[in-house]
Amino acid sequence: MNAQTGAAAPVPSRIRRALWTVAQDLLTIERDPLPRMRKPRWLAWLPHALIGYASIFFAFLVSQQVSGPYNKPGGTALALGLLTGLSLWITMFRPLAGFWLGLVAAAGTAAEIRPSMAWTAGLPPEIPVSAGEPWPWMPGALPAFALVVLLVALRVPPRVTVEAVGLAVVLTAGAEALLRPGWSASTLTEAAILFGFAGLLGYALRAVRLARGKLAEQETLTEAERARRTLLEERSRIARELHDVVAHHMSVISIQAQVAPHLVDNPSEELKENLAGIRENALEALTELRRVLGVLRSEQPDDPADAANPHHPQPTLADLDALVDNVRGAGLEVTTELAGIRRPLTPGTELTAYRIVQEALSNCLRHAPGSQVEVGIAYGPREVHLCIANSRPTRPPQPSPGTGHGLLGMRERAGMLGGELVAGPRPGGGYEVTAVLPVDPVDPVNPVDPVDPMDPAPQSPKSPQAPQPQQPHTPQNTEGAR
């Protein structure tokens, strides 16, 4: 009390804010359906079916107890039972709405079974229940509301669960302190224990569900990051392999710019300056290229392609016979077929074609031991076709130490040149990899299709003897399988 005015002291602002927070939390009755079970899928709706059965069971149980032991027959008992069951049903879709409806059903049931207060007027007390019957919670209404608390705790934050359980216990304590008949049994202890256990169980189940959801999300992100990292590693490896090709061209430009003034009688000073600038720029570009290569190699110090001999020339299709001989020595029966006129290709196309055949043969060694392998190469006017096919393996494959990124690397190499690559199982068994690489690679930034001006109808002819790339069905997770 205030000493000067005698007025009551105002409620502290912190208490007002706490009460306002509790009211906002408990009066939020938005839709939040009960989640389904993920595994097994055929039992996805089992929780909903069990709760539906529980709502019917408790509706029947409450109506029977109100009309039986508490001697309140008629439509009121049926209405209270239906209200209790309806609160369970609604809680599956709107947790806090079902919570409030459960409190209303419990309050109506307690008011209905409470003896009248006729004894306060000096009249004989009306005792419709035998001595020792529980109040305000009936034996059927108490577990029904505990199930409501459990369903609420499954979908609301822990703070809201504590507020809901605390409100139910406080209302029970207030009803017993102010309205409980002296000959009835107290239910405060049972209610506090049962509601607290239901809230704690719901919180634990909710935490497990959220943890599983976070784990699944993290696994998805990890898989996406792993695929992205794999793609970057393959591109880095391709860039390191193409360094020699680019460096060769830059060196040739530098040498030609240096020699060109000596091939002209009395070259002008402007020509000498321009050629000197070209040579200087070429040398500078070559230096920067070597620096970039050093960074790429430092990121992959254990790469066998760099560790073997970083200065060794990059392979071409001319080295294919040696590659096939090595595979034959490993136990595979390999046959080769060449169609068209064999001719040198651009260095990038030569390297890409060799690496695709090499990776496909390595996959045959790992995943199809004892199979028969056919390697076909067809030279066309504008494209070179590759086909590597193997039959069914004659013995089960051994566990492979490979990274499972072979197909990804092959597709990246083909796409870098503007070509296509298709891989998948053969109709009669086995596996097949087909690729089409342009003879004149297309610039991925400014794609321009080279057209012969003497050709009235430019097309992309295919050799009749060339193995044509098929479009087999590519199974899921192909990169991981090959």
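In case you missed it, the structure is sitting above this.
Below you will find a few notes about this structure. (Residues numbered from 1 in each chain as written. Predicted model: local features only at pLDDT ≥ 70, side-chain atom pairs only at ≥ 80, totals over all residues. Heavy atoms only, no water.)

## Structural notes on the overall build of the chain
Then, number 1: From N to C terminus, the chain includes 14 helices and 7 strands.
Then, number 2: Looking at the 482 residues of the chain, the share that counts as buried comes to 36%.
Then, number 3: Of all intrachain contacts in the chain linking residues separated by at least 6 positions in sequence, the fraction that spans at least 24 positions is 75%.
Then, number 4: Of the roughly 28,100 Å² that the chain leaves accessible, carbon and sulfur atoms contribute 61%. (Helix = DSSP H or I, 4+ residues; strand = E, 2+ residues; numbered from the N terminus. Buried < 20%, exposed > 50% of the residue type's maximum accessible area, 1.4 Å probe, protein only. Contact = heavy atoms within 4.5 Å. Areas by Shrake-Rupley, 256 points an atom, 1.4 Å probe, with all protein chains shown as cover.)

## Observations concerning the sheet that holds strand E5 (residues 383-390)
Then, number 1: Spatial ordering of the open sheet is given by E3-E4-E5-E7-E6, a layout of 5 strands whose pairing is mixed. Each edge of the open sheet carries a strand with a single partner, namely strand E3 (333-339) and strand E6 (420-425). Ignoring which end each strand starts from, the neighbouring axes of this sheet average 10° apart.
Then, number 2: Here E3 runs beside strand E4 (residues 372-379); their pairing, made up of 7 bridges, is parallel. Looking at the pairing, Thr335 lines up with Glu374 of E4.
Then, number 3: Together, E3 and E4 form the strand contacts of helix H11 (residues 320-329), whose direction differs from that of E3 by roughly 160°.
Then, number 4: Along the sheet, helix H12 (residues 347-367) makes contact with E4, E5, E6 and strand E7 (431-438), crossing E5 at roughly 10°. (Pairing = 2+ DSSP bridges. Axes fitted to C-alpha atoms, helices over the stretch in contact; angles between N-to-C directions.)

## Observations concerning the side chain of Glu163
Then, number 1: Inspection of the secondary structure assignment puts Glu163 in helix H6 (residues 158-179).
Then, number 2: Each residue touching Glu163, except ones within four places of it in the same chain, is listed here: Val22, Asp25 and Leu26.

## Examining the packing of H12 against helix H13 (residues 406-416)
Then, number 1: Closest axis-to-axis distance for the H12/H13 pair is 10 Å, and the angle between their directions is 165°. Looking at the two axes, H12 sits roughly antiparallel to H13. Like other packed secondary-structure pairs, H12 and H13 cross with a definite hand, here left-handed. Contacts between H12 and H13 involve Thr352, Arg355, Ile356, Glu359, Ala360 and Asn363 from the first element and Gly406, Met410, Arg413, Ala414 and Met416 from the second. (Parallel < 35°, antiparallel > 145°, perpendicular 65-115°, else oblique. Left-handed = near helix turned anticlockwise from the far one by under 90°.)

## A few points about the environment of Arg114
Then, number 1: Structurally, the position occupied by Arg114 is in the loop between helix H4 (95-113) and strand E1 (134-135).
Then, number 2: Note on Arg114: relative accessible area 19%, which makes it buried.
Then, number 3: Every residue in contact with Arg114, bar those within four places of it in the chain, is listed here: Trp135, Leu179 and Pro181.

## Re the pattern of salt bridges
Where side chains of opposite charge bring their charged atoms close, a pairing between them can arise.
Then, number 1: Inspection of every chain in the model, using the stated rule, returns 6 salt bridges.
Then, number 2: Measuring nitrogen to oxygen at the nearest pair gives 4.0 Å for the salt bridge that ties Arg159 to Glu163. Taken as a pair, Arg159 and Glu163 lie in helix H6 at a separation of 4 residues, close to a single helical turn.
Then, number 3: A salt bridge links Arg366 to Glu359, with the nearest nitrogen and oxygen atoms 3.3 Å apart.
Then, number 4: According to the relative accessible area criterion, Glu359 is buried, its value standing at 18%.
Then, number 5: Sharing partners across several salt bridges, the network here consists of Asp25, Arg159 and Glu163. (Salt bridge = Lys/Arg side-chain N within 4 Å of Asp/Glu carboxyl O.)

## Examining the packing of aromatic side chains
Then, number 1: A full pass over the atoms with the stated rule returns 7 aromatic pairs.
Then, number 2: Taking the centre distance of 5.3 Å and the plane angle of 70° together, the rings of Phe57 and Phe58 count as edge-to-face.
Then, number 3: According to the relative accessible area criterion, Phe57 is partly exposed, its value standing at 40%.
Then, number 4: Taking relative accessible area as the criterion, Phe58 reaches 11% and is therefore assigned buried. (Phe/Tyr/Trp six-rings, centres within 6.5 Å; stacked < 30°, edge-to-face > 60°.)

## Some points on empty space enclosed by the protein
Then, number 1: Counted by the stated rule, this structure contains 1 cavity of 30 Å³ or more.
Then, number 2: By volume, the largest cavity is sized at about 70 Å³.
Then, number 3: Lining the largest cavity are Thr84, Ser87, Gly102, Ala105, Ala106, Thr109, Trp137, Ala141, Ala144, Phe145 and Val148.
Then, number 4: When residues of the lining of the largest cavity are traced back to their parent elements, those giving at least two are helix H3 (75-91), H4 and helix H5 (141-153). (1 Å grid on protein atoms, 1.4 Å probe; cavity = no way out; pocket = protein on both sides within 12 Å on 5 of 7 lines; lining within 4 Å. Points joined across faces, edges and corners; volume = space filled by probe spheres on them.)

## Some details on the nonpolar core
Then, number 1: Core analysis: the biggest nonpolar cluster contains 41 residues, and Val66, Phe99, Trp137, Met138, Phe145 and Phe195 have the highest contact counts within it.
Then, number 2: For this core, the elements supplying multiple residues, two or more each, are helix H2 (46-67), H3, H4, H5, H6 and helix H7 (188-241).
Then, number 3: Examining the composition of this core, we find that 10 residues originate from one element, H5, more than from any other.
Then, number 4: If we skip the residues at most four places from it in the chain, Met138 touches Val62, Gln65, Val66, Tyr70, Thr109 and Ile113.
Then, number 5: In terms of nonpolar packing, the next biggest core, distinct from the first, is built from 32 residues, Ala353, Tyr354, Val384 and Ile388 among them. (Core = buried A, V, L, I, M, F, W, Y, C linked by side-chain atoms within 4.5 Å.)

## Some remarks on unusual backbone geometry
Then, number 1: Residue Trp135 is joined to Pro136 through a cis peptide bond whose omega torsion reads 10°.
Then, number 2: Here Pro136 is to be found in the loop between E1 and H5.

## Points about a nonpolar patch on the surface
Then, number 1: Together, Ile255, Val259, Leu263, Val264 and Leu271 line one region of the surface with nonpolar side chains, adding up to about 430 Å² of accessible area.
Then, number 2: Among the secondary structure elements, Leu271 is positioned in helix H9 (residues 269-299). (Patch = residues over 30% accessible without salt bridge, like charges linked within 9 Å, V, L, I, M, F, W, Y side chains within 5 Å.)

## Looking at the pairing of E7
Then, number 1: Of all 8 residues that make up E7, 8 are buried, and the element is covered over most of its length.
Then, number 2: Going residue by residue along E7, you find Tyr431, Val433, Ala435 and Leu437 tucked away on one face and Glu432, Thr434, Val436 and Pro438 tucked away on the opposite face as well.
Then, number 3: Relative to E7, E5 runs antiparallel, the two being bridged by 8 bridges. Directly across from Leu386, in E7, lies its bridge partner Ala435.
Then, number 4: In this structure, E6 lies alongside E7, joined through 6 bridges in antiparallel fashion. Within E7, the position partnered with Ala423 by the bridge is Val433.
Then, number 5: Joining the antiparallel neighbours E6 and E7 is a turn of 5 residues, in which Gly429 adopts a positive phi near 105°.

## A few points about the side chain of Ser371
Then, number 1: On the secondary structure map, Ser371 appears in the loop between H12 and E4.
Then, number 2: A residue is classified by how much of its surface remains accessible, and Ser371, at 1% relative accessible area, is buried.
Then, number 3: A polar atom in the side chain of Ser371 sits 2.8 Å from the backbone oxygen of Ala368.
Then, number 4: With residues up to four places along the chain from it excluded, the contact list for Ser371 reads Leu332, Glu333, Asn390, Ser391, Arg392 and Pro393. (Polar contact = N/O pair within 3.5 Å; in protein donor to acceptor, adjacent residues only side chain to side chain.)

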